[in-house]
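In case you want the letters, here they are:
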Amino acid sequence: MSRILKKELLAPGIKRFELDAPDVARKARPGQFVVLRIHERGERIPLTIADTRPEDGVVVIVFLEVGKTTRELGELEAGQEIMDFIGPLGRPSEIENFGTAVCVAGGVGTPEIYPVARALKQAGNRVIAIIGFRSQALVTMETEMRSVSDELIVTTDDGSYGRKGFVTDALNELLARGEKPGRVFAVGPVIMMKMVAECTRAAGVPTVASLNPIMVDATGMCGVCRCTVGGEMKLACVDGPEFDAHQVDFDELLTRLKVYLPEEKRALEHWQEGHGTCRCAGKEAGNG
Amino acid sequence: MAKPAPTRTPMREQDPGVRARNFDEVPHGYSPEEAAAEAQRCLRCKKPTCVNGCPVEVDIPGFIGAIAEGRLWDAMTVMKRTNVLPAICGRVCPQETQCEGECVLAKKMEPVAIGNLERFIADWEAEQNECVMCEKLPPTGRKVAVIGAGPAGLTVAGDCLKFGHEVTVFEALHAPGGVLVYGIPEFRLPKSIVEREVNFIRDTGAKLVTNFVVGMTRTIAELLEDFDAVFVGTGAGRPWFMELPGENALGIYSANEYLTRSNLMKAYLFPEYDTPIVRGKRVATIGGGNVAMDSARTALRLGAEESIIVYRRSRQEMPAREAEIHHAEQEGIRFEFLTNPVRYVANKQGWVEALECLRMELGEPDASGRRRPVPVKGSEFRIPVDTVVVAIGNSPNPLIPQTTPGLEVSKRGTIVVDPATGRTSKKGVFAGGDIVTGAATVILAMGAGRIAANSIDEYLKTGNWQDPTGSQ
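Every value quoted in this text rests on a predicted model; they were computed, and no experiment measured them.

Caption draft 1: Quick look at the sheet that holds strand β7 (residues 282-286) of chain B. Residues and elements named next belong to chain B. Pairing is parallel in the open sheet, where five strands are placed in the order β6-β14-β7-β8-β9. Single-partner strands in this sheet number two, and they are β6 (252-254) and β9 (334-336). Across the sheet, the mean angle separating the axes of adjacent strands is 20 degrees when strand polarity is ignored. Across three bridges, strand β8 (residues 306-310) lies against β9 in parallel orientation. What sits directly across from Ile-309, in β9, is Phe-335. Contacts between helix α12 (residues 255-264) and the sheet are confined to β6 and β14 (387-390), with β6 contributing the most and set at about 85 degrees to the helix.

Caption draft 2: Examining unusual backbone geometry more closely. Cis geometry is adopted by the peptide bond preceding Pro88(A), which originates at Gly87(A) and carries an omega value of -5 degrees. Locating Pro88(A) in the fold gives a position in strand β7 (residues 84-89). Note the cis peptide between Phe270(B) and Pro271(B), where omega equals 5 degrees. In this structure, Pro271(B) sits in the loop between α12 and β7. The phi angle at Ala218(A) is positive, at roughly 65 degrees, despite the residue not being glycine. Summarising the element assignment, Ala218(A) is placed in the loop between β13 (207-210) and β14 (226-229). With a relative accessible area of 3%, Ala218(A) lands in the buried category. Of note in this structure, Leu338(B) is not a glycine but carries a positive phi near 50 degrees. With respect to the helices, strands and loops of the structure, Leu338(B) is situated in the loop between β9 and β10 (339-346). Classification of Leu338(B) by relative accessible area gives partly exposed; the value is 23%.

Caption draft 3: Structural detail: the UniProt feature "domain: Dihydroprymidine dehydrogenase" (unreviewed entry) in chain B. Cross-referencing UniProt, the feature "domain: Dihydroprymidine dehydrogenase" (unreviewed entry) maps to residues 19-129 of chain B in the present numbering. The span residues 19-129 of chain B carries 49% helix and 0% strand; its end-to-end C-alpha distance comes to 30 Å.

Caption draft 4: View of the UniProt feature "domain: FAD/NAD(P)-binding" (unreviewed entry) in chain B. In the numbering used here, UniProt assigns the feature "domain: FAD/NAD(P)-binding" (unreviewed entry) to residues 143-449 of chain B. Counting secondary structure, residues 143-449 of chain B comes out at 28% helix and 24% strand; the distance between its end C-alpha atoms is 17 Å.

Caption draft 5: Representation of the interface of chain B and chain A. Listed as interface residues are 46 residues of chain B and, on the opposing side, 52 residues of chain A. With both chains or domains summed, chain B and chain A bury close to 4200 Å², and 55% of this area falls on carbon and sulfur atoms. Salt-bridge contacts for Asp274(B) lead to Lys68(A); the nearest nitrogen and oxygen are separated by 2.6 Å. One can count 19 residue pairs in polar contact (both at pLDDT 80 or more) joining chain B with chain A. Among the secondary structure elements, those contributing two or more residues to the side of chain B that touches chain A are β5 (238-239), β6, α12 and α15 (399-403) of chain B.

Caption draft 6: Fine view of the pairing of strand β12 (residues 371-375) of chain B. With four bridges joining them, strand β11 (residues 352-365) of chain B and β12(B) adopt antiparallel strand pairing. Pairing of Pro365(B) across the sheet is with Arg371(B), part of β12(B).

Caption draft 7: Examining the environment of Lys108(B) more closely. As for its position among the elements, Lys108(B) is in the loop between α6 (99-102) and α7 (114-127). Along the primary structure Lys108(B) and Pro6(B) are separated by 102 residues, whereas in three dimensions their C-alpha atoms are 8.1 Å apart.

Caption draft 8: Molecular detail of the domain arrangement of chain B. All names here are of chain B. When the domains of chain B are assigned, the result is domain 1 (12-127), domain 2 (143-237 + 396-462) and domain 3 (239-390). Facing 14 residues of domain 1, the contacting portion of domain 3 comprises 14 residues. Counting across the domain 1 and domain 3 interface gives two salt bridges. Across the pair Arg-19 and Glu-331 runs a salt bridge whose closest N-O atoms are separated by 2.6 Å. In this assembly, domain 1 and domain 3 are joined by twelve residue pairs in polar contact (both at pLDDT 80 or more). Looking at the side of domain 1 that touches domain 3, the elements with two or more residues in it are α1 (16-19) and α5 (86-92).

Caption draft 9: Geometry of the domain arrangement of chain A. Residues and elements named next belong to chain A. Its domain assignment divides chain A into domain 1 (2-91 + 261-273) and domain 2 (100-256). Taken together, the contact between domain 1 and domain 2 spans 20 residues of the former and 23 residues of the latter. For the pair domain 1 and domain 2, the summed buried area comes to about 1800 Å², and 63% of that belongs to carbon and sulfur atoms. If you sort the residues of domain 1 by the area they bury against domain 2, Pro-30, Arg-44 and Arg-91 come out on top, with a joint share of 24%. Across the salt bridge formed by Arg-118 and Asp-51, the nearest N and O atoms sit 2.7 Å from each other. In this structure, the connection of domain 1 to domain 2 is made through six residue pairs in polar contact (both at pLDDT 80 or more). Only β1 (2-11), β3 (33-37), β4 (45-53) and β5 (58-64) provide two or more residues apiece to the side of domain 1 that touches domain 2.

Caption draft 10: Representation of the UniProt feature "domain: FAD-binding FR-type" (unreviewed entry) in chain A within the structure. The feature "domain: FAD-binding FR-type" (unreviewed entry), as annotated in UniProt, sits at residues 1-95 of chain A in this numbering. For residues 1-95 of chain A, the helix share is 15%, the strand share is 48%, and the end-to-end C-alpha distance is 31 Å.

Caption draft 11: Region of interest: the side chain of Thr52(A). Residues and elements named next belong to chain A. Note on placement: Thr-52 falls in strand β4. Judged by relative accessible area, which is 17%, Thr-52 ranks as buried. In contact with Thr-52, not counting residues within four places along its chain, are Ala-25, Ala-28, Val-58 and Val-59.

Caption draft 12: View of the packing of helix α2 (residues 32-39) of chain B against helix α3 (residues 60-68) of chain B. Residue and element names in this part refer to chain B. Contact pair α2 / α3: the axes reach a minimum separation of 8 Å and the direction vectors enclose 125 degrees. When the axes of α2 and α3 are compared, the pair comes out oblique. Judged by the twist between their axes, the crossing of α2 over α3 is left-handed. Of the residues in α3, those touching α2 at Ala-35, Ala-36 and Ala-39 are Ile-64, Ile-67 and Ala-68. Across the contact of α2 with α3, the residue classes break down as six nonpolar, no polar and no charged.

Caption draft 13: Summary view of the pairing of strand β8 (residues 100-106) of chain A. Residues and elements named next belong to chain A. Of all seven residues making up β8, seven are buried, and the element is well covered by its neighbours. Alternating positions in β8 separate into two faces, Thr-100, Val-102, Val-104 and Gly-106 on one and Ala-101, Cys-103 and Ala-105 on the other, with burial throughout. In terms of strand pairing, β8 meets strand β9 (residues 126-133) through seven bridges, oriented parallel. Within the sheet, the bridge partner assigned to Val-104 lies in β9 and is Ile-130. Regarding topology, helix α3 (residues 109-122) serves as the crossover connection from β8 to the parallel β9, and that connection is right-handed. Note: β8 against strand β12 (residues 183-187), five bridges, orientation parallel. Each residue of the ladder has a partner; that of Val-102, found in β12, is Val-184.

Caption draft 14: Quick look at the UniProt feature "binding site: [2Fe-2S] cluster" (unreviewed entry) in chain A. The sites that UniProt annotates as "binding site: [2Fe-2S] cluster" (unreviewed entry) are Cys222(A), Cys225(A) and Cys237(A). These annotated residues cover 16 residues of sequence, and their C-alpha atoms all fall within 9.9 Å of one another, placing them together at a single site. In this fold, Cys222(A) is placed in the loop between β13 and β14. The exposure class assigned to Cys222(A) is buried, which follows from its relative accessible area of 3%. Sequence-distant contacts of Cys222(A), that is, excluding residues within four places in its chain, are made with Val216(A), Asp217(A), Pro239(B), Ser254(B), Asn256(B) and Glu257(B). One can find Cys237(A) in helix α7 (residues 236-239). Apart from the residues within four sequence positions on either side, Cys237(A) is in contact with Phe33(A), Gly90(A), Met215(A), Ala218(A), Thr219(A), Gly220(A) and Cys225(A).

About the thresholds
Residues numbered from 1 in each chain as written. Chains lettered and ligands numbered in written order. Predicted model: local features only at pLDDT ≥ 70, side-chain atom pairs only at ≥ 80, totals over all residues. Heavy atoms only, no water. Pairing = 2+ DSSP bridges. Helix = DSSP H or I, 4+ residues; strand = E, 2+ residues; numbered from the N terminus. Axes fitted to C-alpha atoms, helices over the stretch in contact; angles between N-to-C directions. Contact = heavy atoms within 4.5 Å. Buried < 20%, exposed > 50% of the residue type's maximum accessible area, 1.4 Å probe, protein only. UniProt positions renumbered as here; feature names shortened; annotations may be inferred. Buried area = accessible area lost by both parts, 1.4 Å probe. Salt bridge = Lys/Arg side-chain N within 4 Å of Asp/Glu carboxyl O. Polar contact = N/O pair within 3.5 Å; in protein donor to acceptor, adjacent residues only side chain to side chain. Domains from an automatic or database assignment. Parallel < 35°, antiparallel > 145°, perpendicular 65-115°, else oblique. Left-handed = near helix turned anticlockwise from the far one by under 90°. Nonpolar A, V, L, I, M, F, W, Y, C, P; charged D, E, K, R; others polar. Right-handed = clockwise from strand over helix to strand, strands pointing away.

What follows is the structure in structure tokens.
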């Protein structure tokens, strides 16, 4: 059980929870994730750890409400509990002094890259962060990111805030002006990470992407998170989630993320139909 | 004593046509009368050979004799002296190669149905309002951490509690039981039975901590600061794939994933439960072990019109238990023997649509003594499918070996132990079960747990630690 200590709405559909999870908080490193299950009938979903305060036993998660589980999660309030909260999982980000490090994040990837950027800054890097959003209303974590970056570039797809365009436009400009980052970190939608990898491949800049495949146990047991990296099968949960972005088969990852689209739609509809009624009392699971 | 009946008392089962479409348990169990009749077939040998066949040395003539005489509480007391998981063992142990294989009757007729009787006595106790508690020695004040709440870990927990030690069991998943809850399906081992036997261990005094991934949430070195001994029973975690082209197509599962979704996450009840699973119409399962049978039979219950087992050798080489193969055949599973997949064919949307295979023939015996399958040239053919389950085994879970300096690991990734004691290369750390042997059976894991528990007790009493892997 993990109690929600604090709940915040960062932007429409994007929520931030502070959770009481001392065991996770004590061990978590940047780049690691947790798995959570809201209740007895819930599914297990992975979420990147957005921050920790080990001294208070606090773990921060930020999530975008997309499907049934994230929407149900978003309805929980401070004081309520999440049934299962497991972590930290995955290998931590490789943090060292790369000289200049560029952190590229899209959407809800921004809160996820924040602890990485902070650790890079503490390790002595000159940190350039590029964070991109669809529009101004969705801009999150700008102040926090600015505090750990030597340079922060905000982009919006529609130009309603910061620079108009995609994060890759800003990244290309950086490379064009002669920046020679020792490492680029990309966290965000698969298509964004794929485009970042294409940008830096030509420039020969080492780049890691934090992959977000479907997971179940997330301890190496089920194999659903298998990804092709450099022609080899890797499990994102125990071998990753960060991999050499130039070696990742992003198209395969995009396809594999679609496997349950019909079921995800059905689960959401089923939940919305039953919404407003008490789901805990007297509702027996049908056994066919 | 009257001459025993030549055949055992049959156990009633659900009709194959009905059960292939539900997740309810297949056999119904014995009535007390049936159990007594079967128990009376036991000769109660003075030197019972059956016990030699049992990895945890259950006093088999003792508990069967008590059933024969109608002393059911006594039967259960005898049982729990050596086995705290009888309802589970009665269902999933391969008795035909263990206790029943050693039964003296087996030379001339059907052996005593020891497994059925074990299951009976455990289920009978569960129907009563009280239960036999284990006798515990006075508290020693020593603390044992058990990592993994599967068959090996639960056995160590039960035994160490009896020795008077304090026991905390750490489980990575949200429910205790290990393979008993994520792997073995409801129709073969109802989860309520696992829960009952886990609760018994909790009631005996074990502290159970779920959602705790040792290696990540805490390391073994950190656990050793708070515990006097650590037992690692983390199982055979990482699934093997065929490593064939197209294996990451949609609709292709490892058996671990397929069974975990269905069993642990209850995907067969989707959308009442949130975890989805592909309900394939034509499902191929690759492999010939018990896990392959479980997967293929699960596919039927999820609505498959055809569920096919693809195995590269022939029926007689299949490692699955005869009873499981028989059940699968009864339910209409199709077997493609002497067939080896060579690649997966996917459609434009990325979904698997066929399994391309080669026919095999049996050549000379290989290292395992089984005749080696050799491909028949030019025999390629395709099995149209929409779902594939790869059930060809697992390698050990890497998390603990990776995060525990000083713990010796084999090339295969298994933890190296002294088989006589379960001691690893790291002081105070013991291991047993699939993490040591590679994928094996529930009862062998329990046997390893028994050995380790005795050795833990000795270590905690004497403090002596010899390097089991060194030359001494």
